[in-house]
Amino acid sequence: MTHDFDRRTLLKAALGSAGLAALGSVPAFAQDSRIRLYWWGSKERSDRTLKAVSLYQDRNAGVKIDGETLAWGDYWPRLATQAAGRNAPDLIQMDYRYVAEYARRGALLPLDEFVGKSLDISDFDKASLDSCKVDGKLYGINLGNNSNAMIYNKAAFQKAGVAEPIDVTWDKFFELAAAVTKAHNGEYYGTSDGSGEESPYENWLRQRGKALFTEDGKLGLDEKDATDWFAMWAKARETKACPPADLQALDKNNIETNLLTQGRAACAFNHSNQYVGYQVLNKNPLGITMYPQGAGPSPGHYLKPSMMWSIYARTKVAEPVVKFANFTVKDVEGAKLLGVERGVPASPKIREAVSADLDAMGKLVVDFISHVTPKVGPIPPAPPKGAGEIQTMLRRIAEQVSFGRVSVADGGKQYVSEAQAILSRA
Amino acid sequence: MTTTAQIPLTIIEPEKTSKRWRGLSRALVAYSFLIPWLIGFLGLTLGPTLASLYLSFTNFDLLQDPQVIGLANYQRIFTNDAKFWHSMQVTFTYVILAVPLKLAFALGLAMVLNRGIAGLPLYRALFYLPSLLGASVAIAVLWRQLFAKDGLVNVVLGFFGFAGPSWISDPSYSLYTLVLLSVWQFGSPMIIFLAGLRQIPPDVYEAASIDGANKVQQFIKITLPLLTPVVFFNFIVQTIDAFKAFTPAFIISEGTGGPIDSTLFYTLYLYQEGFAYFRMGYASALAWILLIIIACFTAFSFLTSRYWVHYND
Amino acid sequence: MTDTTTVATTPNVSGGRSLLYHVILCGVSLIMLYPLLWMLASSFKPDDEIFGNASLWPETFTIDAYIRGWSGLTVSFGTFFWNSLVIAVLSVIGNVFSCSLAAYAFARLKFPLKNFWFALMLGTLMLPYHVTLIPQYVLFLNLDWVNTFLPLVVPKFLAADAFFIFLLYQFFRGIPRELDEAAIIDGAGPWRIFWSVMLPLSIPALATAAIFTFIWTWDDFFGPLIYLNDASQYTVQLGLRTFVDSTGKSDWSALFAMSVVALIPVLLFFAVFQRLLIEGIATTGLKG
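Remember, it's a predicted structure, so these values are computed and weren't measured experimentally.

Here the focus is the overall build of chain B. What chain B contains, in helices and strands, is 13 helices and two strands. At 26 Å, chain B has a C-alpha radius of gyration far larger than the 20 Å of a compact globule built from 313 residues. Across its three principal axes, chain B shows a C-alpha extent of roughly 90 × 70 × 30 Å. Across the 313 residues that make up chain B, the buried fraction comes to 47%. Residue pairs at least 24 apart in sequence account for 67% of intrachain contacts in chain B once pairs closer than 6 positions are excluded.

Residue and element names in this part refer to chain A. When its domains are assigned, chain A resolves into domain 1 (20–143 + 306–360) and domain 2 (148–301 + 385–425). With centres defined by C-alpha atoms, the gap from domain 1 to domain 2 works out at 32 Å. Residue-level contacts link four residues of domain 1 with four residues of domain 2. Here the side of domain 1 that touches domain 2 is built from residues that sort into no nonpolar, two polar and two charged.

Another point: unusual backbone geometry. The bulk of non-glycine residues show a negative phi, and the bulk of peptide bonds are trans. Here the phi dihedral of D167(A) falls at roughly 45 degrees; this positive angle occurs in a residue that is not glycine. Inspection of the secondary structure assignment puts D167(A) in the loop between α6 (154–160) and α7 (170–183). Classification of D167(A) as partly exposed rests on a count of 14 C-beta atoms within 10 Å. Residues other than glycine seldom take positive phi values, yet N147(C) does so here, at roughly 70 degrees.

Let's shift gears to the interface of chain A and chain B. Chain A puts 26 residues into the contact, and the matching count from chain B is 24 residues. Looking at the side of chain A that touches chain B, the elements with two or more residues in it are α3 (72–84), α4 (96–104), α10 (245–248) and α16 (387–402) of chain A. Along the lines of polarity and charge, the residues of the side of chain A that touches chain B split into ten nonpolar, seven polar and nine charged.

Attention shifts here to the interface of chain B and chain C. It is common to give the size of an interface as the accessible area that goes away when the parts come together. Of the residues lining the interface, 76 residues belong to chain B; the matching set on chain C comes to 82 residues. For the side of chain B that touches chain C, the secondary structure elements donating two or more residues are α1 (3–55), α4 (120–132), α5 (137–147), α8 (187–198), α9 (202–211), α10 (215–243), α12 (266–276) and α13 (280–308) of chain B. By residue number, the principal contributor to the side of chain B that touches chain C is α1(B), which donates 19 residues. When grouped by side-chain class, the residues that make up the side of chain B that touches chain C number 52 nonpolar, 17 polar and seven charged.

All names here are of chain A. Reading across the sheet, the five strands line up as β2-β1-β3-β12-β6 and stay open at both edges, with mixed pairing between neighbours. A strand with exactly one partner marks an edge of an open sheet, and here the two such strands are β2 (63–70) and β6 (141–142). In this sheet, strand β3 (residues 91–94) lies alongside strand β1 (residues 33–40) in parallel orientation, the contact comprising two bridges. Bridging from a neighbouring strand, L37 pairs with L91 of β3. Against the sheet, helix α2 (residues 43–59) engages β1 and β2, with an angle of about 175 degrees to β2.

Attention now moves to the nonpolar core. Core analysis: the biggest nonpolar cluster contains 304 residues, and A102(C), I165(C) and L168(C) have the highest contact counts within it. Here the element with the most residues in this core is helix α4 (residues 77–108) of chain C; it accounts for 15 residues. In terms of domain composition, this core takes at least three residues from each of domain 1 (20–143 + 306–360) and domain 2 (148–301 + 385–425) of chain A. Excluding its chain neighbours within four sequence positions, the residues that come into contact with A102(C) are F33(B), L34(B), P36(B), W37(B), A159(C) and I165(C).

What follows is about the packing of helix α8 (residues 162–173) of chain C against helix α11 (residues 203–219) of chain C. All names here are of chain C. At their nearest, the axes of α8 and α11 sit 10 Å apart, and the two run at 165 degrees to each other. The pairing of α8 with α11 is recorded here as roughly antiparallel in orientation. When you trace α8 past α11, the crossing you get is right-handed. In this structure, α8 contributes F164, L167, L168 and F171 to the contact, and α11 contributes A205, T208 and A209. Looking at the contact of α8 with α11, its residues break down into six nonpolar, one polar and no charged.

Another aspect to go through is α11(C). Its 17 residues give α11(C) an end-to-end C-alpha distance of 24 Å, which sits within 8% of 24 Å, the value for a rise of 1.5 Å per residue. With 16 of its 17 residues buried, α11(C) lies for the most part within the structure.

Let us now look at the environment of V179(B). Residues and elements named next belong to chain B. Relative to the helices and strands, V179 is located in helix α7 (residues 174–184). According to the C-beta neighbour criterion, V179 is buried, with 20 such atoms within 10 Å. Between the C-alpha atoms of V179 and A287, which are 108 residues apart in sequence, the distance is 22 Å. Those residues in contact with V179 that lie beyond four places of it in its chain are Y94, L97, A98 and L101.

Residue and element names in this part refer to chain A. Sheet architecture is open: three strands sit in the order β9-β8-β10, paired in antiparallel fashion. What marks the edges here is a single partner per strand, and that holds for β9 (267–271) and β10 (286–289). The average angle at which neighbouring strand axes cross in this sheet is 30 degrees, direction not considered. Alignment of strand β8 (residues 148–153) against β10, held across four bridges, turns out to be antiparallel. Within β10, the residue paired with I151 across the bridge is I288.

Residue and element names in this part refer to chain A. When pLDDT is averaged across chain A, the result is 86; 92% of the residues are at 70 or more. Across chain A, β3 holds the top mean pLDDT of 95, while helix α1 (residues 7–15) sits lowest at 40. The low-confidence segment residues 1–30 (pLDDT under 50) makes 27 contacts with residues lying over four places distant or belonging to another chain.

All names here are of chain B. Put simply, chain B has an average pLDDT of 84, and 92% of its residues get 70 or more. The element-level mean pLDDT for chain B is lowest in α9, coming to 71, with strand β1 (residues 58–59) highest at 94. Across the interfaces of the predicted complex, the ipTM metric reaches 0.85, alongside a pTM of 0.87.

Residue and element names in this part refer to chain B. Axis separation between α4 and α8 bottoms out at 8 Å; the angle between their running directions is 135 degrees. Taken as axis vectors, α4 and α8 run oblique relative to one another. Here α4 contributes F127, Y128, P130 and S131 to the contact with α8, which in turn contributes G187, S188, M190 and I191. For the contact of α4 with α8, the residue count by class is five nonpolar, three polar and no charged.

Residues and elements named next belong to chain B. Here G161 is to be found in the loop between α6 (152–159) and α7. For G161, a count of 6 C-beta atoms within 10 Å gives the class exposed. Separated by 92 residues in the primary sequence, G161 and I69 place their C-alpha atoms 59 Å from one another.

Moving on, we come to the pairing of β8(A). Residue and element names in this part refer to chain A. Within β8, six of the six residues are buried, which leaves it mostly tucked inside the rest of the structure. Along β8, one buried face is formed by N148, M150 and Y152 and the opposite face, lined by A149, I151 and N153, is buried too. With five bridges joining them, β8 and β9 adopt antiparallel strand pairing. Looking at β9, one finds that A149 is bridged to N270.

Calculation rules
- Residues numbered from 1 in each chain as written.
- Chains lettered and ligands numbered in written order.
- Predicted model: local features only at pLDDT ≥ 70, side-chain atom pairs only at ≥ 80, totals over all residues.
- Helix = DSSP H or I, 4+ residues; strand = E, 2+ residues; numbered from the N terminus.
- Rg over C-alpha atoms; globule rule 2.2 N^0.38 Å.
- Buried ≥ 20, exposed ≤ 12 C-beta atoms within 10 Å, placed from the backbone.
- Contact = placed C-beta atoms within 7 Å.
- Domains from an automatic or database assignment.
- Nonpolar A, V, L, I, M, F, W, Y, C, P; charged D, E, K, R; others polar.
- Pairing = 2+ DSSP bridges.
- Axes fitted to C-alpha atoms, helices over the stretch in contact; angles between N-to-C directions.
- Core = buried A, V, L, I, M, F, W, Y, C linked by C-beta atoms within 7 Å.
- Parallel < 35°, antiparallel > 145°, perpendicular 65-115°, else oblique.
- Left-handed = near helix turned anticlockwise from the far one by under 90°.
- Expected span 1.5 Å × (residues − 1).
- pLDDT = per-residue confidence, 0-100.

What follows is the structure, encoded as structure tokens:
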């Protein structure tokens, strides 16, 4: 049994907690650096990370790293609870969506003072650095870039005898998709319905020179934008390019229930680093390409960190933690152990070293990023508080429109007014 | 008091003290049974409970210290929160439908399984299986295969000439599939009913069959009254559980409460507020409102129980 | 009723009726069984066949997932089983012991503030755990119990789950009071009555409590999720959830393979204890 039925514990239990709070977390080996490392992800990520940990421990006597890993859905409640208890892990794998939430509430350590010293990320390009900044301060170390990517079933387009939807406009895209649906007698759709998903929405907004949010955290679009978006998808539903509402609603916003995986639609709107996740659940070979494009010159894409390392503000071992993080992104051996599993490395030198031993799927993703990189625009500013709630709200309104509960125009109106209410509350 | 009463008083006095002593020692013995629970309640449960009550009067974003804001959370809930009313409605619908159905189903099968036919342990285990699986992904998959547009239910309905909707993903019906999910996981109340049935002494049936009562009369006159403590228990516990229902929606909708918030249970809403949107103070206020509703319901049930629950004591 | 030792079953039903029962029960069982069958089928399929193909029969049959699942994680699944077993068994002992004590006091004894405590006890059932989670975490953190099994086990010894107190309370109240009174005339005190009258007569209820405690502890993942950090301390449910990450590459077949294996202890426990549930009265009798 691994119980710690030691005397101190029992004594504290007997005496009650209040007065002894201060004794709470005395590190077991004060002379050593004990680092708690926390990440979400698959078993493969776990294996890779632990290999890097053990190599680092071999090289650095006195550093002991305890890995803690969970799946995405379980990861955040535990992190929130531990942070609320002032007991978060030292090194935290952070998501772009959450970094502002944690940083602005003082839970993360600004890393600017380490840059150029123990954190040697000078060869990261500006975009890879800026994407980890919140309100001008660096709160994350880029673990790899990704971009929005459309993942599609190649065979479905072949069967319809039309071209694959590579770098096409939205109009052309829906045309191809409708052809795919027709070729499958309406039992299999050309694309899933993306009207409730934020990433194609944001891309599309950027194509028309708008954004989800402005620099100062206001809403970056107006009623007409939202209405046009819902109208575009309403038309796609009419032409059967995408499935009806009751089929689309089976998608629970994860890989396993996505209509592409379920064998009900040929295209999924996602991120490049999830390509592998889709491919292992699909028998047909999948393609990866950019989202459909608008009339304007900008494709709307941008590179963003698929994830980053952030450091807990209350860590007692900041320096050793930074050094380990640096090892995983800048040391060739360390970075090679992680590979491109977390995204395509930001450092050109490391990217090259890692690319040497990629498998076919990994290579496809790296090629995609190289293809996108020259076309990307600047990364949007860190989202304001309430952004997560607005994302959920978009999905709800998109469903209201697709189920015919509200009209397209009312949907646009409602989106704007609810978004403003959420922003003013946060 | 008259003088006549004063005289015996001196005589009664020692007896009174011993009575008091007996009362005290009886209380002490009773409390000795309660000690583990009391330690647990005062040491582990009460503190966090009061803390959540305190947090309900604050603005608490999990990461920074809570700021007291008085009744602002409660005020917002009652005056400016459409989702509160909506999720209340969802939860009440769920409670009203799921609890009676589940209890009826559980009692019915417990009666069937209380008979002497072969293979019963196997059936009992099978019937309990859905409850064993808890929150497994397999359940989500099953529900999709049953209740999607081309699901099994619609295949059967199609046989009779009906074209059913996509029950699980149509906001008009999705809540009812969760009610069915709850009924399907009837294992726990069934086991409790079974245990209750086993505790009914057989000789009361013997007496009844001598009296010439038939099966239905036996059930109404003997089984049901003797089973009322267990029925009462299952009713209270299942209702509380249904008010707090979280897992069914979490399995089927991945925590979104969708489509269009049609399965946004009250607790799911509270969870989103607390953990997804970092408003734990608000979530705590929501939780305490639920507690008060459940407490009123439970108190009412206990008050009426004296009219229909038959204890042996 | 003092000398009854037979099981409280109605007599065997006749042949034709019995067949009808079996047909109905089998039908119901099939719906109950389906998720398990699906899980079993999926555990033998390669990952790319699980979601796209609704058929139960694998096109490609492989037991690879069982091997991968058992030893594939950095910590062997055997460790998770051992951890779960330790927690579940301790919980059963703690829960049955502490809850039956409290339930007896509430059901049979007279003491000041009884109704007050009883109401508070029931009240603990009513608050959604999501809002006490963080204060509770802070409490256990200050006790230095985080990352041990203590937050999962100690509350069970302190009757923290009012469900079981209430359950046993209802059953105790269903036991005829004449039996206590007979024991009191024999000179028995509350402890002896509890031990030699109440407990033996409540075997079905105690078995119920044991079954539920075991299963719910085994299935619980939120407690272990919050309180256990090291993979070496993970329980089965936590281990299972590390196979699948909804944002990336997951090992679904291994998840299902280990889910099937994880059901075995629960089913065994159920099989053993349901015997007590059914035979309880028969074997102990109603000797006053």
